[in-house]
Amino acid sequence: MPIPETSVRRPVTVLVAALAVTIFGLLAARRLAVDLLPDLSYPTVTVETEYPDAAPVSVEQFVTRPVEEAVGVIPGVREMRSVSRAGRS
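Residues numbered from 1 in each chain as written. Predicted model: local features only at pLDDT ≥ 70, side-chain atom pairs only at ≥ 80, totals over all residues. Heavy atoms only, no water.

1. Notes on the overall build of the protein chain
Helix and strand counts for the protein chain come out as three helices and zero strands. Listed N to C, the secondary structure of the protein chain is α-α-α in terms of helices and strands. In terms of overall dimensions, the protein chain is more spread out than a globule: its C-alpha atoms have a radius of gyration of 33 Å, far above the 12 Å expected for 89 residues. Taken along the three principal axes of its C-alpha coordinates, the protein chain extends 95 × 25 × 20 Å. Burial status across the protein chain gives 6% buried among its 89 residues. Within the protein chain, counting contacts between residues at least 6 apart in sequence, those at least 24 apart form 59% of the total. (Helix = DSSP H or I, 4+ residues; strand = E, 2+ residues; numbered from the N terminus. Rg over C-alpha atoms; globule rule 2.2 N^0.38 Å. Buried < 20%, exposed > 50% of the residue type's maximum accessible area, 1.4 Å probe, protein only. Contact = heavy atoms within 4.5 Å.)

2. Brief notes about the pattern of salt bridges
In this structure the tally under the stated criterion is four salt bridges. Between Arg 9 and Glu 5 there is a salt bridge, with its nearest N and O atoms 3.3 Å apart. With a gap of four residues between them, Arg 9 and Glu 5 both fall in helix H1 (residues 3-9), about one helical turn apart. On the basis of relative accessible area, Glu 5 is assigned to the partly exposed category, the value being 32%. Between Glu 79 and Arg 81 there is a salt bridge whose closest N-O contact spans 3.0 Å. The exposure class of Glu 79 is exposed, given its relative accessible area of 56%. (Salt bridge = Lys/Arg side-chain N within 4 Å of Asp/Glu carboxyl O.)

3. Re helix H3 (residues 56-72)
An α-helical turn contains 3.6 residues, so any two residues separated by three or four positions project in the same direction. Along its 17 residues, H3 runs just 21 Å from first to last C-alpha, ending more than 12% under the 24 Å computed at 1.5 Å per residue. Of all the bends found along H3, the most pronounced is centred on Thr 64 and spans about 35 degrees, while Pro 66, a proline, follows it within four residues. (Expected span 1.5 Å × (residues − 1). Bend = angle between axes of the 7 residues up to and from the residue.)

4. Comments concerning unusual backbone geometry
Although it is not a glycine, Asp 53 adopts a positive phi angle of roughly 55 degrees. With respect to the helices and strands, the residue Asp 53 is situated in the loop between helix H2 (11-31) and H3. Among the residues examined, Asp 53 registers a relative accessible area of 83% and is labelled exposed.

5. Comments concerning the confidence of the model for the protein chain
Interpretation of this model should avoid reading the predicted coordinates in detail wherever pLDDT is low. Predicted confidence across the protein chain gives a mean pLDDT of 86, with 99% of residues reaching 70 or more. Looking over the protein chain, one finds the lowest element-wise mean pLDDT in H1, namely 84, and the highest in H2, namely 93. (pLDDT = per-residue confidence, 0-100.)

6. A closer look at the side chain of Thr 64
When you line up the elements, Thr 64 lands in helix H3. Not counting the four nearest positions on each side in its chain, Thr 64 is found in contact with Val 59, Ser 82, Ser 84 and Ser 89.

Structure representation (structure tokens):
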């Protein structure tokens, strides 16, 4: 039987079927998890130090290297980058 003919002959059955599909669809849609902004966390730590009026070589030798050695032994550290500039590390 074609759909239009069934709809005309059995309107109550088609109405109940349409309501059942709508209700089950709404129930499923309410349980569907929608996460528009997923949790993104980048585990990074920034360490900045100041050594006023010092040359970049002195900052690297007296500040950056000791800090790198202290941070490098922490478990879970995968990557470490450092920059030494005049008076800052």
